[in-house]
Amino acid sequence: MHPFFIFVKCELGKAYDVAADLVEEVEGVSEVYSISGPFELLVKVYVEDEQDIGRYVNEQIHKLPHIKDTQTIITFNAFT
């Protein structure tokens, strides 16, 4: 499994709704955090090693209502 992160910008007043949708409806989402700054949410996702991350974000995340913008952070090596 390969982890990556997505910053999510929500429509005003919809961060809790988006967070609930991410947790309840999107396979692979392991954690959702409320954060400060230009984005409202930080989402940790796990996908299969061979899965296309761009297609996953397009088909699983962008389809949810009340999302205005995303930024995907792809991970490489874990230092543990």
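These remarks concern the structure in this document. (Residues numbered from 1 in each chain as written. Predicted model: local features only at pLDDT ≥ 70, side-chain atom pairs only at ≥ 80, totals over all residues. Heavy atoms only, no water.)

Remarks on the pattern of salt bridges
To be explicit about the condition: Counted as salt bridges are all cases of a side-chain nitrogen of Lys or Arg within 4 Å of a carboxyl oxygen of Asp or Glu. Each residue is placed in one exposure class: buried if its accessible area under a 1.4 Å probe, protein chains only, is under 20% of its type's maximum, exposed if it is over 50%, and partly exposed if it falls in between.
Enumeration over the complete set of coordinates arrives at two salt bridges. Across the pair Lys14 and Asp17 runs a salt bridge whose closest N-O atoms are separated by 3.7 Å. The partly exposed category is assigned to Asp17, whose relative accessible area is 37%.

Considering the environment of Val29
In plain terms, the rule: Helix and strand assignments follow DSSP, with helices taken as H or I runs no shorter than four residues and strands as E runs no shorter than two, numbered in order from the N terminus. By definition in these notes, contact holds between two residues if any of their heavy atoms fall within 4.5 Å.
Looking at the element boundaries, Val29 is found in strand E2 (residues 29-34). On a C-alpha basis, the gap between Val29 and Leu41 in space is 12 Å, while along the polypeptide they are twelve residues apart. Excluding anything up to four places from it in sequence, Val29 contacts Leu22, Val43, Lys44, Val45 and Tyr56.

Remarks on unusual backbone geometry
Backbone geometry places His66, a non-glycine residue, at a positive phi of 75°. Its location among the elements puts His66 in the loop between helix H2 (53-61) and strand E4 (67-74).

Some words on the packing of aromatic side chains
We count it as follows: In this scheme Phe, Tyr and Trp rings, the latter by its six-membered ring, pair at centre separations within 6.5 Å, and the angle between planes marks the pair as stacked below 30 degrees, edge-to-face above 60, and tilted otherwise.
Taken as a whole and assessed by the stated rule, the structure comprises two aromatic pairs. On the numbers, 5.8 Å between centres and 90° between planes, the contact of Phe4 with Tyr56 is edge-to-face. On the criterion of sequence distance, the pair formed by Phe4 in strand E1 (residues 2-10) and Tyr56 in helix H2 is long-range, its members being 52 residues apart. Taken individually, Phe4 and Tyr56 each receive the classification buried, so the pair is uniform in this respect.

Fair warning: the whole summary comes from geometry, so function is off the table for now.
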